[in-house]
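Residue-level structural notes
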Amino acid sequence: MDAIEGAKTVTVLRRLVAWSEKIFDLSAAVVAPVTDRRLQPRIPTAVVVKSSIVMFWARLGSLNALGLTSRASCWKKWLPAPTCSADTMGRVHALMDAGELRQGIHHIYESLKRNKALPDTQGMGIAVVDGHESHTSYLQHCSGCLERTMHLETGDRIQFYHRQVTLMLLWWLPSFEAFTWNSGIGGYHRSKHSPGTVVSTEYPPMLPGAPASRAPIRLLLDHEPQRPGEDEVAAAMRLLERVIHAYPRAFDLVLADGLYLTAPFFNFLLAPRKHLLVVLKDERRNLYKDAAGMFDFIAPQQGTRGSRDCLWWDFPDLLSWPQVNRAVRVVRSLETWSVRRQLDKRESIQTSDWIWATTLSAAQTSTAWAVGFGHQRWDIENHAFNELVSQWQADHVFKPEPNAMECFLLVAFLAYNIFHAFWALSLKPQAKRGTTQSFWATLICAELHGRAIPGFLSP
Ligand SMILES: [Zn+2]
């Protein structure tokens, strides 16, 4: 891979741009349709959107840092006009059409589906929804801020913050390996050579839709800001209504945390024939009490998840939640595994205990799959929020204005989806070996700065 051999041949950004144009027709199909509400725009919106995408790819984290790259030679070839100031970047995002950015994300999804990177809809598509809080401040606030009173030692203070609900599409595809399913003990067996040989009991993949040699991709489909006066679930329902309309067949199952265990949320998703699998942790609920009453009397199944030994209880068709328009199933996984402590190298036993409520029937989903779905909810924490904050600087307030914040985050989703697709589908395994995505982002950053040295600093 020439990118790694030396700074003079670093061309990751050029390759990423060229690949995005080839696969997604990025300039024409994603960027060009995006408009903003300026009356007499001097700078094309496309310049702003493309600059913003590259800012996230290079993980620059600020508009001023982006401004320092204005002389980079890559801009001349890709932008329809010279780069603009940090002030213009913020102002145009504040006036940008968020719906048109969402259509761009939809185009990425459709292109990947056409390229067989996504599973076909005969399999079970999975979405995770979760809220994420950002931009907490006592001083800086805008018209979209939520407020809460913090009881501090120095007295009560109003804290301002933003929270948005994100929807991430998940799926599993076997990479280079065949998978078999053994329902005997509910364990999932991944076998590389001879079917039935237990190599690992990793979580099962979805039904096949993409070639087996392709790695999985996670897509950030959309987000919805929580508005003042409403709770997270209300924002999630508005998000899901829009996403189900735009992507009616992209997913069949929605995963969510315990906050979403409400009858209105369940009934809202049952109407368009979506399934749910939600953490059950509220001990006051009749559903919880009924299930808990049976744990001591009904023998669990034994199962495994990776290196964990599990005890599984599975109670289908419970009628203890009459407000939901159908019977609900409760699945519990009590998991035990050992960890070697760094300090004294001794083994210590760890346990975790999870209970979920789901509308999936036992005929549709075995206990092992239901447990796997339950754990997969963490993907949105690990692969969306944590990564977006720590690597992509997506929580930064680029412009303290609600529409600007919504649009910057949507551009971050666009950049994230394209970069992850590039990583999974374009980069060869030997080029990626021993490197991380952050390393590649650093190469993009270096490429952006390499030719941007001001004249007076030239030797
Ligand atoms: Zn605000």
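The rules behind these values
Residues numbered from 1 in each chain as written. Predicted model: local features only at pLDDT ≥ 70, side-chain atom pairs only at ≥ 80, totals over all residues. Helix = DSSP H or I, 4+ residues; strand = E, 2+ residues; numbered from the N terminus. Buried ≥ 20, exposed ≤ 12 C-beta atoms within 10 Å, placed from the backbone. Contact = placed C-beta atoms within 7 Å. pLDDT = per-residue confidence, 0-100. Pairing = 2+ DSSP bridges. Expected span 1.5 Å × (residues − 1). Arc of directions from axis to C-beta. Core = buried A, V, L, I, M, F, W, Y, C linked by C-beta atoms within 7 Å. Axes fitted to C-alpha atoms, helices over the stretch in contact; angles between N-to-C directions. Parallel < 35°, antiparallel > 145°, perpendicular 65-115°, else oblique. Nonpolar A, V, L, I, M, F, W, Y, C, P; charged D, E, K, R; others polar.

A few words now on the overall build of the chain. Within the chain one finds 16 helices and 12 strands. Looking at the 459 residues of the chain, the share that counts as buried comes to 39%. Partitioning the contacts of the chain with sequence separation of at least 6, the portion at a separation of at least 24 is 73%.

Further remarks concern unusual backbone geometry. One non-glycine residue, R59, lies in the positive phi region at around 55 degrees. Within the secondary structure, R59 sits in the loop between α4 (45-57) and α5 (63-67). Backbone geometry places H135, a non-glycine residue, at a positive phi of 60 degrees. Mapping H135 onto the fold places it in strand β1 (residues 126-137).

This brings us to the environment of F385. Structurally, F385 is set in helix α13 (residues 379-390). Residue class for F385 comes out partly exposed when judged on the 19 C-beta atoms lying within 10 Å of it. Distance from F385 to E133, taken between C-alpha atoms, is 9.5 Å for residues 252 residues apart in sequence.

Let us look at the confidence of the model for the chain. Caution is warranted with low-pLDDT regions, since their predicted coordinates should not be read in detail. Across the chain, pLDDT averages 85, with 84% of residues at or above 70. Residue range residues 173-214 is modelled with pLDDT below 50. Its contacts to residues more than four positions away, or to other chains, number 90 contacts.

Among the 5 residues that make up strand β8 (residues 275-279), 4 are buried, leaving the element largely enclosed by the rest of the structure. In this sheet, β8 lies alongside strand β7 (residues 253-256) in parallel orientation, the contact comprising 4 bridges. Each residue of the ladder has a partner; that of V254, found in β8, is L276. Relative to strand β12 (residues 347-358), β8 is paired through 3 bridges, and the arrangement is antiparallel. Within β12, the position partnered with V279 by the bridge is W356.

A word on the pairing of strand β11 (residues 328-340). In terms of strand pairing, strand β10 (residues 308-318) meets β11 through 8 bridges, oriented antiparallel. Residue pairing in the sheet places L318 in a bridge with V328 of β11. The turn joining β11 and β12, which pair antiparallel and follow one another in sequence, is formed by 6 residues; a positive phi near 60 degrees is taken by K345.

Let us look at α13. With 12 residues, α13 extends 15 Å between its outermost C-alpha atoms, agreeing within 8% with the 16 Å of an ideal straight helix rising 1.5 Å per residue. Among all positions of α13, only I380, A384 and L388 are buried. Angular distribution of buried residues about the axis of α13 spans 30 degrees; they occupy a single face of the element. Exposed side of α13, more than 90 degrees from the buried face: N382 and S390 are the residues found there. Elements in contact with the buried residues of α13: β1, β3 (155-170), β6 (219-225) and α14 (402-425).

This part takes up the nonpolar core. Counting 116 residues, the largest nonpolar core has W57, M168, V411 and A412 as the members making the most contacts within it. No other element matches α14, which puts 16 residues into this core. If sequence neighbours within four positions are ignored, M168 has contacts with A127, V128, R218, L219, L220, L221, D379, I380 and A384.

All right, on to the packing of helix α7 (residues 86-94) against α14 then. Contact geometry of α7 with α14 gives a least axis separation of 7 Å together with a crossing angle of 95 degrees. The orientation of α7 with respect to α14, classified from their angle, is roughly perpendicular. Across the interface between the two elements, G90, H93 and A94 of α7 pack against N403, A404, C407 and F408 of α14. Looking at the contact of α7 with α14 residue by residue, the class counts come to 4 nonpolar, 3 polar and no charged.

Right, let's get into the environment of R42. Among the secondary structure elements, R42 is positioned in the loop between α3 (26-31) and α4. Residue class for R42 comes out exposed when judged on the 8 C-beta atoms lying within 10 Å of it.

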